[in-house]
Amino acid sequence: MLDREKNDRFRLRAFALDLGGSTLEDPTDLEIVVVDQNDNRPVFLQEAFTGRVLEGAAPGTYVTRAEATDADDPETDNAALRFSILQQGGPELFSIDELTGEIRTVQVGLDREVVAVYNLTLQVADMSGDGLTATASAIITLDDINDNAPEFTRDEFFLEATEAISGVDVGRLEVEDRDLPGSPNWVARFTILEGDPDGQFTIRTDPKTNEGILSIVKALDYESCEHYELKVSVQNEAPLQAAAPRAERGQAKVRVHVQDTNEPPVFQDNPLRTSLAEGAPPGTLVAIFSAWDPDTEQLQRLSYSKDYDPEDWLQVDAATGRIQTQRVLSPASPFLKGGWYRAIVLAQDDASQPRTATGTLSIEILEVNDHAPVLALPPPGSLCSEPHQGPGLLLGATDEDLPPHGAPFHFQLSPRLPELGRNWSLSQVNVSHARLRPRNQVPEGLHRLSLLLRDSGQPPQQREQPLNVTVCRCGQDGVCLPGAAALLAGGTGLSLGALVIVLASALLLLVLVLLVALRARFRQQSRGKGLLHGPQDDLRDNVLNYDEQGGGEEDQDAYDISQLRHPTALSLPLGPPPLRRDAPQSRLHPQPPRALPTSPLDIADFISDGLEAADSDPSVPPYDTALIYDYEGDGSVAGTLSSILSSQGDEDQDYDYLRDWGPRFARLADMYGHP
């Protein structure tokens, strides 16, 4: 089978040969052309073609183009294609060029709000429209234009608002628009044309519902205006088409009724600034910080109180707001910032739900010239006795008052003593210092002068102050010579009273040092005499038990410590003293008799001597370890615990543990323990 669409022609070469295979003539070329038959249908390039066009477009506006192909011979009618529209689903608003396949509008009347999308059925046929056919679809979408103006749903809107509140929404204004939602042709913009001269209202658009939201940007006042009548217009974000019809409800009236509420009082001047002289006495009027109640239709009374007064300096009249001082404010108060004192006053009405206003009171404390200047402590030095030697003495002054009641200071020799002006001169150096020099040669030694200091306040304050000046003999360099009288006459600028205070202080310090030294020496002597120098160190009551056996409940013959407290009452038995059982008989040496103590100091000496004698005797254990004052009573259920006495009956007793008791028991361990 020949298929022109696969091979439209064949080229052959023919040869003429004899029976022997020899060429009889030259080869001949043959070309066989396959004649086309209409055996292929036309095919659209797409199953669905899409296009867009503005609504209201003029006739002949290009929309889109349909394309198709045919596999048959394009030189024949088998591939001659023709396009047509089979179905439009309504009025014939579109047409197609049968040769090119272009789709255009053919008449007016495209309205997106009526039909937004058109679905056309297209056909293509070969044989110039009489042969084989194929179909496809064309989807045409109308783009929106602003051909519909927004309109209010009502001619009037009634809303209510609360006075004295801003930043709240009052209500919504509903509008309609047939254009595409969300597009600039649909979004509404609202304008207040009349009824809001002070700009107290504003309208914004809800992006979801396209409604207008009326809100308050400035607080309303019921007493000023109870009702507001606003004239509002609406239009789209995009301009309206010239051919579009005008809206019937493009404007509306909005009536707002203001509800009366209890408003807080209002201070007339807030913050209130006033001034007061420094050191004002109690009861001085500061200001009348009053407020007024804007609720004129509600009869209410206002009361005043303090909210912040860190120095508790002010007193506020609860009925009138009159503020006065109740004590003198210290100039050194930490709450004086740059000469200003700040307080906060409250005003409250007496409604069932009272409202409060806050007022700030700033008081400037005016500086008063209530301190005279005083001489600053001059640097140590002396004046030369010759007028033109040395730099002179630089004097400075200070004043507790602040400017302008302080410097510049005026230095003057006391007018009461005219002779001072004949021997001394004062020259101003700057606003706070002056230089003192002798006019004539003055004798060496201490000179007592008197100066008059005056500040620049209004009225000025002055003070006469003594000044001690030391004069010495100077060399050519203006320095006091060694051994000059000036060096022995005291410090410059120190008065006689100051010298007395210094000497008295030194004397008192010397007495205290002597008392401390005597007390320390007395304590050392007391410790050297013995151990019984105080109640807490009385060794007669401090009996140290080193593993001695207790007497038990039936032991009534234990030693009596009271004998140590009263040595004079100690009765010694007649005859030789009892032998110590804790030392061998052969090692005993007779001790000389000692007198009995009669005072606490003697008791201390008595014990100290005994300790020394026991420690120095190598034949017996230490004095304070095994001295026996009495023996245990009969019938004690406790066995003996004395490791020292048990040596008489037990030769195998181990005394090495005595080394752990201290240096005094180490000797016992050496005598009775293992070597």
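Refer to the structure printed above.
Predicted model, so just to flag it, every value in this text is computed and none were measured.

A. How the structure looks around the sheet that holds strand β10 (residues 117-125). Judged by pairing direction, the sheet is mixed, and its 4 strands sit side by side in the order β4-β11-β10-β7 without closing on themselves. Of all the strands in the sheet, the pair left with one neighbour each is β4 (48-54) and β7 (82-87). For this sheet, the mean inter-axis angle between neighbouring strands, taken without regard to orientation, is 30°. Sheet topology places β10 next to strand β11 (residues 133-143); 9 bridges connect them, and they run antiparallel. Residue pairing across strands places tyrosine 118 opposite isoleucine 140, the latter belonging to β11.

B. Highlighting the state of the cysteines. According to the stated counting rule, one finds 2 disulfides in the structure shown. The partner cysteine of cysteine 384 in its disulfide is cysteine 474, sulfur to sulfur 2.0 Å. Since a negative S-S torsion denotes a left-handed disulfide, the cysteine 384-cysteine 474 link at about -95° is left-handed. With cysteine 384 in strand β31 (residues 383-384) and cysteine 474 in the loop between β37 (462-472) and α2 (496-529), this pair connects stretches of sequence that are 90 residues apart. By relative accessible area, which is 4% here, cysteine 384 ends up buried. Assessed through its relative accessible area of 9%, cysteine 474 is described here as buried. Sulfur-sulfur distance for the disulfide between cysteine 472 and cysteine 480 comes to 1.7 Å.

C. Quick peek at the nonpolar core. Counting residues in each nonpolar core, the largest one holds 24 residues, and the members touching the most others are Val286, Trp313, Leu314, Ile323, Leu361 and Ile363. Taken together, the elements giving at least two residues each to this core come down to β22 (272-277), β23 (285-288), β25 (302-308), β26 (314-316), β28 (340-349) and β29 (356-366).

D. Just the sheet that holds β25, in detail. Read from one edge of the open sheet, 4 strands run β22-β29-β28-β25, paired in mixed fashion. Edge positions in the sheet fall to β22 and β25, since each of these pairs with one other strand and no more. If you compare each strand with its neighbour and ignore which way they point, the axes differ by 30° on average. Note that β28 and β29 share 9 bridges and pair antiparallel. Each bridged residue has a counterpart across the sheet, and for alanine 347 the counterpart in β29 is alanine 357.

E. Structural context of the pairing of strand β36 (residues 445-454). Most of β36 sits inside the fold, with 7 of its 10 residues counted as buried. Sheet analysis places strand β33 (residues 410-413) next to β36, joined by 4 bridges and oriented antiparallel. Bridge pairing in β36 links histidine 410 to arginine 454. As judged from the 10 bridges shared by β36 and β37, these two strands associate in the antiparallel manner. Bridging across to β37, leucine 452 finds its partner in glutamate 464.

F. Fine view of the environment of threonine 360. In this fold, threonine 360 is placed in strand β29. Look past the residues within four positions of threonine 360 in its chain and what remains in contact with it is Asn270, Pro271, Leu272, Phe289, Arg342 and Ala343.

G. Here's a closer look at unusual backbone geometry. Along the chain, asparagine 270 connects to proline 271 via a cis peptide bond; the corresponding omega equals 0°. Relative to the assigned elements, proline 271 resides in the loop between β21 (266-267) and β22. Here asparagine 210, not a glycine, exhibits a phi torsion of approximately 65°, which is positive. By the element assignment, asparagine 210 lies in the loop between β17 (201-205) and β18 (212-216).

H. Expanded view of the pattern of salt bridges. Here the structure, examined in full by the defined rule, presents 22 salt bridges. A salt bridge links lysine 306 to aspartate 312, with the nearest nitrogen and oxygen atoms 3.0 Å apart. Classification of aspartate 312 as partly exposed rests on a relative accessible area of 43%. Salt bridges linked by common partners bring Glu156, Glu229, Lys253 and Arg255 together as one network.

Parameters at a glance
Residues numbered from 1 in each chain as written. Predicted model: local features only at pLDDT ≥ 70, side-chain atom pairs only at ≥ 80, totals over all residues. Heavy atoms only, no water. Pairing = 2+ DSSP bridges. Helix = DSSP H or I, 4+ residues; strand = E, 2+ residues; numbered from the N terminus. Axes fitted to C-alpha atoms, helices over the stretch in contact; angles between N-to-C directions. Disulfide = S-S within 2.5 Å. Buried < 20%, exposed > 50% of the residue type's maximum accessible area, 1.4 Å probe, protein only. Core = buried A, V, L, I, M, F, W, Y, C linked by side-chain atoms within 4.5 Å. Contact = heavy atoms within 4.5 Å. Salt bridge = Lys/Arg side-chain N within 4 Å of Asp/Glu carboxyl O.

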